[in-house]
Amino acid sequence: VKIGILGGTGPQGRGLARRFAAAGHDVLIGSRTAERGQLMAAEDAQADDTSRITGGSNFDVAAAAELVIVAVPYAGHAGLLSALATELVGKIVVDCVNPLGFDHHGPFPLRVAAGSAAEEAQQLLPDSTVIAAFHHVSAVLLDDPTVDHFADDVLVLGEDREAVAIVCELAAAIPGARGIYAGRLRNAGQVEAFTANLIAINRRYKTHAGLAITGVS
Ligand SMILES: NC(=O)c1ccc[n+]([C@@H]2O[C@H](COP(=O)([O-])OP(=O)(O)OC[C@H]3O[C@@H](n4cnc5c(N)ncnc54)[C@H](OP(=O)(O)O)[C@@H]3O)[C@@H](O)[C@H]2O)c1
């Protein structure tokens, strides 16, 4: 699959890009600035000794990719997706955005009028298939080439079974990880919000905590 990553120049997008490329996918790294996307892609391609990663503007990436991952901060989420609605028609759009705030007590979930970032994405992209996934995988671990096994389960939420299956398969590109269906998009809010708990765990225990579901083999 040709995978585009909007905001692919950040730690989460780059980490996912490297893992997907290593699993044999072509990956396009998107940025608000085409040159920055190309530069980061060139660095990643060199680091991974692969020509599977290329880059450009978010617009070019959205237009060229078959499946698109949204990896921008929540503050830029709605504006970016509204601007790319035409390019994303008919595509699977995977939203990993966690709408979080931070204050002196630590992380907390932001209230989203649509219920979640993923539902907001679906409202803004009525002709795309939005899937929520990859909210809890640590960008630090994804980007660390010495980490070759993840015990994480990737919760995958959506309305379309076929699209959910495709994204579950994509999750398995992260070595050791599993994609697990976790409900429809109306349940994405608590999945996004749970990241605040994981960040609190990370801060207390100085780790990169992930999520694993028991009882599913
Ligand atoms: N970091 C993690 O461990 C992690 C884990 C799971 C999920 N997530 C989610 O993944 C998303 C990306 O995380 P990140 O840590 O990689 O974020 P980030 O570094 O803050 O942002 C990623 C990229 O988004 C672009 N961007 C920044 N502000 C923007 C705006 N207002 N509008 C459009 N694009 C903007 C920037 O790229 P350009 O300047 O090149 O355009 C930036 O490099 C977040 O929503 C986060 O909740 C993160």
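Residues numbered from 1 in each chain as written. Predicted model: local features only at pLDDT ≥ 70, side-chain atom pairs only at ≥ 80, totals over all residues. Heavy atoms only, no water.

Novice: Would you mind going over the overall build of the protein with me for this structure?
Specialist: In terms of helices and strands, the protein carries eight helices and 10 strands. At 16 Å, the protein has a C-alpha radius of gyration in line with the 17 Å of a compact globule built from 217 residues. Along the first, second and third principal axes, the C-alpha atoms of the protein reach 40 × 40 × 40 Å. When contacts within the protein are restricted to residue pairs at least 6 apart in sequence, long-range pairs at least 24 apart make up 74% of them. Accessible area of the protein: about 10,300 Å², with a carbon and sulfur share of 53%. Looking at charge distribution, the protein has the averaged site of its 16 positive side-chain charges lying 6 Å from that of its 24 negative ones. (Helix = DSSP H or I, 4+ residues; strand = E, 2+ residues; numbered from the N terminus. Rg over C-alpha atoms; globule rule 2.2 N^0.38 Å. Contact = heavy atoms within 4.5 Å. Areas by Shrake-Rupley, 256 points an atom, 1.4 Å probe, with all protein chains shown as cover. Lys, Arg positive; Asp, Glu negative; His and termini not counted. Charge placed at Lys NZ, Arg CZ, Asp CG, Glu CD.)

Novice: Quick question: what am I supposed to make of the pattern of salt bridges here?
Specialist: All chains considered together, the criterion is met by seven salt bridges. Here E159 makes a salt bridge to R184, at a shortest N to O gap of 2.7 Å. On the criterion of sequence distance, the pair formed by E159 in the loop between β9 (153-156) and α7 (161-171) and R184 in the loop between β10 (178-181) and α8 (188-205) is long-range, its members being 25 residues apart. Relative accessible area serves as the criterion here: at 42%, R184 is assigned to the partly exposed category. Counted as one network, the salt bridges with shared partners bring together R14, R18, E43, D44 and D143. (Salt bridge = Lys/Arg side-chain N within 4 Å of Asp/Glu carboxyl O. Buried < 20%, exposed > 50% of the residue type's maximum accessible area, 1.4 Å probe, protein only.)

Novice: So what exactly am I meant to see when it comes to the site of the ligand here?
Specialist: Neighbouring residues of the ligand: 19 residues in total, closest T9, S31, R32, R36 and V72. Residue A139 places a main-chain N or O atom 3.1 Å away from an oxygen atom belonging to the ligand. Bound to the protein, the ligand loses 75% of the 890 Å² it would expose on its own. Spatially, the ligand is embedded in the largest pocket. (Near = heavy atom within 4 Å. Polar contact = N/O pair within 3.5 Å; in protein donor to acceptor, adjacent residues only side chain to side chain. 1 Å grid on protein atoms, 1.4 Å probe; cavity = no way out; pocket = protein on both sides within 12 Å on 5 of 7 lines; lining within 4 Å. Sits in = over half its atoms within 2 Å of the grid points.)

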